[in-house]
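In case you want the letters, here they are:
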Amino acid sequence: MSDSQKEHNQTHMLLTMVMIVLETIFSLILKHDRVVALHSKKFVEQNIAIKINSYLPYFDFYITFTTQGVLFDAKAPEKPVDLDVRTTLMDLIKILSANILVMLPEYTFEIS
């Protein structure tokens, strides 16, 4: 395997791990926060699919709202995408981290 193939595989694996973490966080928030669940109700009812297109560096991933939660995937959903978001990686990090940091203080986690 060439160096560029190894780098591509590592990048894809990192993106997959980040998507798993984001999917878990957002699904938990949707399940346990009534206000967020209420705001996202129409997205869930219509199975809204969003394409995130980053161009610095280049990668695509898809977010689908379902009754099971928020699904993050590298493959396009079977239905047409409802919203196409184009952004840089830094702007995407700012948006996601700001929203997660705003929502998480409402939750307290106790380890027993």
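Up top you'll find the structure we're talking about.
In this text, all values refer to a predicted model and were calculated from it rather than measured experimentally. (Residues numbered from 1 in each chain as written. Predicted model: local features only at pLDDT ≥ 70, side-chain atom pairs only at ≥ 80, totals over all residues. Heavy atoms only, no water.)

## A few points about the side chain of T66
- By secondary structure assignment, the location of T66 is in strand β2 (residues 58–66).
- There is a polar contact of 3.2 Å between the side chain of T66 and the backbone nitrogen of Q68.
- In this view, T66 contacts V44, N47 and L71; residues no more than four positions away in its chain are not counted. (Helix = DSSP H or I, 4+ residues; strand = E, 2+ residues; numbered from the N terminus. Polar contact = N/O pair within 3.5 Å; in protein donor to acceptor, adjacent residues only side chain to side chain. Contact = heavy atoms within 4.5 Å.)

## Digging into the pattern of salt bridges
- Counting across every chain of the model gives three salt bridges.
- K79 serves as the salt-bridge partner of D82, at 2.9 Å between the closest nitrogen and oxygen.
- The partly exposed category is assigned to D82, whose relative accessible area is 43%.
- Using a relative accessible area of 31% as the deciding quantity, one classes K79 as partly exposed. (Salt bridge = Lys/Arg side-chain N within 4 Å of Asp/Glu carboxyl O. Buried < 20%, exposed > 50% of the residue type's maximum accessible area, 1.4 Å probe, protein only.)

## A look at the sheet that holds strand β1 (residues 49–55)
- What the four strands build is an open sheet, ordered β3-β2-β1-β4; its pairing is mixed. If you trace the sheet from one side to the other, it starts and ends with β3 (69–73) and β4 (83–87), each paired once. Here the strands of the sheet are splayed against their neighbours by 20° on average, with no regard to which way each runs.
- In this structure, β2 lies alongside β3, joined through five bridges in antiparallel fashion. Its bridge partner lying in β3, I63 is registered against F72. (Pairing = 2+ DSSP bridges. Axes fitted to C-alpha atoms, helices over the stretch in contact; angles between N-to-C directions.)

## Section: the side chain of D60
- Along the chain, the position of D60 falls in strand β2.
- Among the polar contacts listed, one links the side chain of D60 to the side chain of Y58, at a separation of 2.9 Å.
- When residues no more than four places from it in sequence are discounted, the contact partners of D60 are L15, K51, I52, N53, S54 and A74.

## Topic: the nonpolar core
- Counting 17 residues, the largest nonpolar core has F61, I63, F65, V70 and F72 as the members making the most contacts within it.
- Put simply, the parts of the chain that give this core at least two residues each are α1 (3–32), β1, β2, β3 and α3 (89–103).
- Top element by residues in this core is α1. It accounts for five residues.
- Residues within four places of F65 in sequence aside, it is in contact with F43, V44, N47, I48, I50 and V70. (Core = buried A, V, L, I, M, F, W, Y, C linked by side-chain atoms within 4.5 Å.)

## Quick look at a nonpolar patch on the surface
- A cluster of nonpolar side chains, M13, L14, M17 and V18, forms an exposed patch at the surface whose accessible area comes to about 390 Å².
- Position of L14 among the secondary structure elements: in helix α1. (Patch = residues over 30% accessible without salt bridge, like charges linked within 9 Å, V, L, I, M, F, W, Y side chains within 5 Å. Areas by Shrake-Rupley, 256 points an atom, 1.4 Å probe, with all protein chains shown as cover.)

## Describing the pairing of β2
- Of all nine residues in β2, eight are buried, a share of seventy percent or more.
- Strand direction decides the pairing type here: β1 and β2, joined by seven bridges, are antiparallel. Across the sheet, residue A49 finds its bridge partner in β2, namely T64.
- The antiparallel hairpin formed by β1 and β2 contains two residues in its connecting segment.
- Where β2 folds back onto β3 in an antiparallel hairpin, the turn is made up of two residues.

Remember that the coordinates give geometry; whether it matters functionally is a separate question.
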